[in-house]
Amino acid sequence: MPIRSIAAALTAFMTFATVLLAQKVAPKLDGKASSSNPRLETLKQEAVSDVESRTVFSQQMVDQIFSYAELGFQEIETTRYLADILKTNGFSVQEGIAGIPTAFMATWGSGKPVIALGSDIDCIPQASQKPGVAWHEPMIEGAPGHGEGHNSGQAVNITAALAVKKIMEREHLPGTLRIWTGTAEELVGSKAYFIRAGLFKDVDIALFTHVDNDLTVSWGPREGTGLVSVQYSFLGETAHAASAPWRGRSALDAVELMDAGWNFRREHLRLSQRSHYVITDGGDQPNVVPRTASVWYYFRETDYPHIKELWQIGDDMAKGAALMTGVQVLPDKVLGSAWPQHFNKVVAETTWANIQKVGLPKWSEGDQALAVALQKELKNPKTDGLRTKLSEKLQGPVTENNGGGSDDIGDISWNVPTVTLRYPSNIPGLPGHNWANAISMATPIAHKGVTAGAKVQAMTMLDLVMRPELVDQAWAYFRDVQTKDTKYEPLIRAQDQPAIWLNKATMDKFRPEMKKYYYDPSRFKTYLDQLGIKYPTVKASQ
Ligand SMILES: [Zn+2]
């Protein structure tokens, strides 16, 4: 055998051995997520450096939206601000999508693949909090605040999109980038309407992103629930509550009996369910028998049939309460809905490979000091600060689902191959939907987490743009595995409309005071600077 042939045979054998070895080391990746395309790798490196060069841009977005702190369906400043940034950067922006004034879909580019980048933008009632201060100290007592961290996700997506757009333009790569708002996510109020309006019909892949205390992604059915959010209203008759109470019929009595009934029934529901309510109208004043009253329920379960079942029990209970009190139950109003989430295997594997390249941010002593101080303040059993190690493996399907939270990204995930990239902008061990979750959200912790997330997002976008086979494989999983036996049926009914009036009164009440604290990046480097907060601010004993 001539030397050249021996060399060729050896090379072939080595390549074969390397492939075998790679398969052994990472059997789950199937060669899908890793790529041996040197051009792609070079462009990914360039995207990472580009994201790194935009840290001031990302930080300003995070801080600006933190300072707006707008509740669901009232994200007026936030969407105007984001749409302006996107227009300035060459995106065309379709505003008021699906009949929701504070929702938009921005588009740049042309052709396939169509990649839709989404993230939530709304905040939490009563979560006003000074950032960087390790105890409860509201900026404005009773005001809303970013106690979920939804001020940061758009910065992840927009930073990544601009880095990738620059490369696509120069390299003449076909593809369309969409950026859309997770409007009123805390009300699970918009995404089912986006689907109904056909906004994801031509989308190939949805890359969603959500704040976390880790850099991670997952695939398959997720732990947690879907839900329907329903308001029941009752109509009675007023009367003088002291001189002629027998002439009145109290709608509030019906609400109270419905709630009492639900709380008895709760014992006999599946352990995975979650249900909760608030009374949104409890009458006017005690001496007038309440003519109207309303109660707002979230019915959560782990799959569509069980959500429908809970909803039916709720309807029956409302009728029962009306019968008991001699009032009328009005047609129920759906205020929001969410399907349980199911994420795409191929896109998750692709993202996971990029997560490992990026790794967790390098935290400063100050970052860790803030995290530990807050964990101590909350009397957490674990007070070891921010994560410094990525989890060892990609999270796959959840087999035993004990219930938990919901996100209407579930609806998108049953229509288009979707994943949620989680990025480390918050502190481990917090209660959620709380002032404590706002503390890190306009500090270097949030800023570094966003930059890490944007690097991953940019690399994954390049994978999808330059390796069309990934999109095909993602759809194969979507069609042949995910939706083989389960078909999407919206929880919203034909007559339901987005509940865009919600939170208006609260924002009208607080906005004038909140305006005084809007971030002004032309005068201050960071929001902490503007507020004059020393970072980190911790108690001496912490
Ligand atoms: Zn959220």
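Further up the page is the structure itself.
Each chain has its residues counted from 1, following the order in which its sequence is written. Owing to the predicted nature of the model, reporting of local features is limited to residues with pLDDT of at least 70; listing and counting of side-chain atom pairs is limited to 80 or more, with chain, interface and lining totals taken over all residues. Derived side-chain values reflect all non-hydrogen atoms in the structure, with water molecules and hydrogen atoms excluded from consideration.

### Describing the overall build of the protein chain
Step number 1: Summing up its helical and strand segments, the protein chain has 15 helices and 13 strands in all.
Step number 2: Against the compact-globule benchmark of 24 Å for 542 residues, the protein chain has a radius of gyration of 25 Å, which places it among compact chains.
Step number 3: Dimensions of the protein chain along its principal axes, counting C-alpha atoms only, are 110 × 55 × 45 Å.
Step number 4: To sort residues, take the accessible area from a 1.4 Å probe on protein chains only and compare it with the maximum for the residue type: under 20% means buried, over 50% means exposed, and anything in between is partly exposed. Per-residue burial for the protein chain yields a buried fraction of 57% across its 542 residues.
Step number 5: A separation threshold of at least 6 residues defines the contact pool for the protein chain, and within that pool the share at least 24 residues apart is 83%.
Step number 6: Only the protein chains shown count as cover for residues, with accessible areas throughout obtained via the Shrake-Rupley method and a probe of 1.4 Å. Of the accessible surface of the protein chain, which amounts to about 23,200 Å², a share of 55% is contributed by carbon and sulfur atoms.
Step number 7: Under the convention used here, Asp and Glu are negative, Lys and Arg are positive, and both His and the chain ends fall outside the count. Charged side chains are reduced to one point each, which is NZ for Lys, CZ for Arg, CG for Asp and CD for Glu. For the protein chain, the distance from the average site of its 56 positive side-chain charges to the average site of its 59 negative ones is 4 Å. Working definition: helices are DSSP H or I runs of at least four residues, strands are E runs of at least two. Numbering for both runs from the N terminus. Note on method: radius of gyration uses C-alpha positions; expected globular size equals 2.2 Å times residues raised to 0.38. Contacts are assigned to residue pairs with any non-hydrogen atoms lying within 4.5 Å of each other.

### Digging into the packing of aromatic side chains
Step number 1: Pairs were defined over the aromatic rings of Phe, Tyr and Trp, the Trp ring being its six-membered one, requiring ring centres within 6.5 Å. Orientation was assigned from the angle between planes: stacked under 30 degrees, edge-to-face over 60, tilted for the rest. Following the criterion strictly, the structure yields 19 aromatic pairs and no others.
Step number 2: Residues Trp180 and Phe194 carry aromatic rings whose centres are separated by 6.0 Å and whose planes lie at 90 degrees to one another, so their mutual orientation is edge-to-face. With Trp180 in strand β4 (residues 175–182) and Phe194 in helix α6 (residues 191–196), this residue pair connects regions lying 14 residues apart in the sequence. For the pair shown, Trp180 and Phe194 are each scored as buried.
Step number 3: Site record: aromatic cluster; members linked through ring pairs are Tyr232, Trp262, Tyr277, Tyr297 and Phe299.

### So, the pattern of salt bridges
Step number 1: Whenever Lys or Arg places a side-chain nitrogen within 4 Å of a carboxyl oxygen from Asp or Glu, that contact is recorded as a salt bridge. Summed over the entire model, instances satisfying the criterion amount to 30 salt bridges.
Step number 2: Arg80 is the salt-bridge partner of Asp84, the closest N and O atoms lying 3.8 Å from each other. Separated by 4 residues within a single helix, Asp84 and Arg80 lie in helix α4 (residues 76–88), roughly one turn from each other.
Step number 3: Linking Lys345 and Glu349 is a salt bridge whose minimum nitrogen-to-oxygen distance equals 3.1 Å. Linking Lys345 with Glu349, this pair stays in helix α9 (residues 345–358), spanning 4 residues, or about one helical turn.

### Regarding the nonpolar core
Step number 1: Here, nonpolar core means buried Ala, Val, Leu, Ile, Met, Phe, Trp, Tyr and Cys residues that are tied together by side-chain atoms lying within 4.5 Å of each other. Judged by nonpolar contacts, the single largest core of 137 residues is most densely connected at Phe200, Tyr232 and Phe234.
Step number 2: Sorting elements by how many residues they give to this core places helix α12 (residues 444–466) first, with 11 residues.
Step number 3: Counting residues in each nonpolar core, the second largest holds 13 residues, with Trp363, Leu370, Ala373 and Leu374 among its members.

### Some details on the sheet that holds strand β13 (residues 418–424)
Step number 1: Any two strands with at least two DSSP-identified bridges between them are counted as paired. Spatial strand order, β1-β2-β4-β3-β5-β13: 6 strands in an open sheet with mixed pairing. Each edge of the open sheet is held by one strand with a lone partner, namely β1 (92–95) and β13. The sheet shows a mean angle of 20 degrees between the axes of neighbouring strands, direction not considered.
Step number 2: When strand β3 (residues 114–120) meets β4, the two strands line up parallel, connected through 7 bridges. By the bridge assignment, Asp120 is partnered in β4 with Gly182.
Step number 3: Angles shown run from 0 to 180 degrees and are taken between the N-to-C directions of axes, each axis being a line fitted to C-alpha atoms and, for helices, limited to the stretch in contact. Sheet strands touched by α9: β5 (205–212) and β13. Its angle to β13, the strand with the most contacts, is close to 25 degrees.

### Comments concerning unusual backbone geometry
Step number 1: A cis amide bond, omega -5 degrees, links Lys112 with the succeeding residue Pro113.
Step number 2: Cis rather than trans, the peptide bond between Tyr535 and Pro536 has omega equal to -10 degrees.
Step number 3: For Pro536, the position within the fold is in the segment after α15 (527–531).
Step number 4: Phi at Phe73 takes a positive value of approximately 75 degrees, unusual for a residue other than glycine.
Step number 5: One can find Phe73 in the loop between α3 (55–68) and α4.
Step number 6: At His172, a residue that is not glycine, the phi angle is positive and equals roughly 50 degrees.
Step number 7: One can find His172 in the loop between α5 (153–171) and β4.

### So, the pairing of strand β7 (residues 226–235)
Step number 1: With respect to burial, β7 is a largely interior element, 9 of its 10 residues being buried.
Step number 2: With 10 bridges connecting them, β7 and strand β9 (residues 292–301) associate as antiparallel partners. Paired with Leu227 across the strands is Arg300, a residue of β9.
Step number 3: For β7 and strand β11 (residues 333–338), the ladder comprises 5 bridges, and the chain directions are antiparallel. Residue pairing across strands places Ser229 opposite Gly336, the latter belonging to β11.

### Re the packing of helix α2 (residues 38–53) against α12
Step number 1: Where α2 meets α12, the axes come as close as 9 Å, and the angle between the chain directions of the two elements is 150 degrees. The orientation of α2 relative to α12 falls into the category roughly antiparallel. Here α2 runs over α12; the crossing is right-handed. Taken together, the residues of α12 that come into contact with α2 (itself represented by Arg39, Leu40, Leu43, Lys44, Ala47, Val48, Val51 and Glu52) are Thr451, Ala454, Lys455, Ala458, Met459, Leu462, Asp463 and Met466.
Step number 2: Counted by class, the contact of α2 with α12 contains 10 nonpolar, 1 polar and 5 charged residues. Working rule for angles: under 35 degrees goes down as roughly parallel, over 145 as roughly antiparallel, 65 to 115 as roughly perpendicular, anything else as oblique. Handedness of a crossing is defined here by the sense of rotation of the near helix relative to the far one, left-handed for an anticlockwise turn of less than a right angle and right-handed for a clockwise turn. Under this grouping Gly is polar, as are all residues other than the nonpolar Ala, Val, Leu, Ile, Met, Phe, Trp, Tyr, Cys and Pro and the charged Asp, Glu, Lys and Arg.

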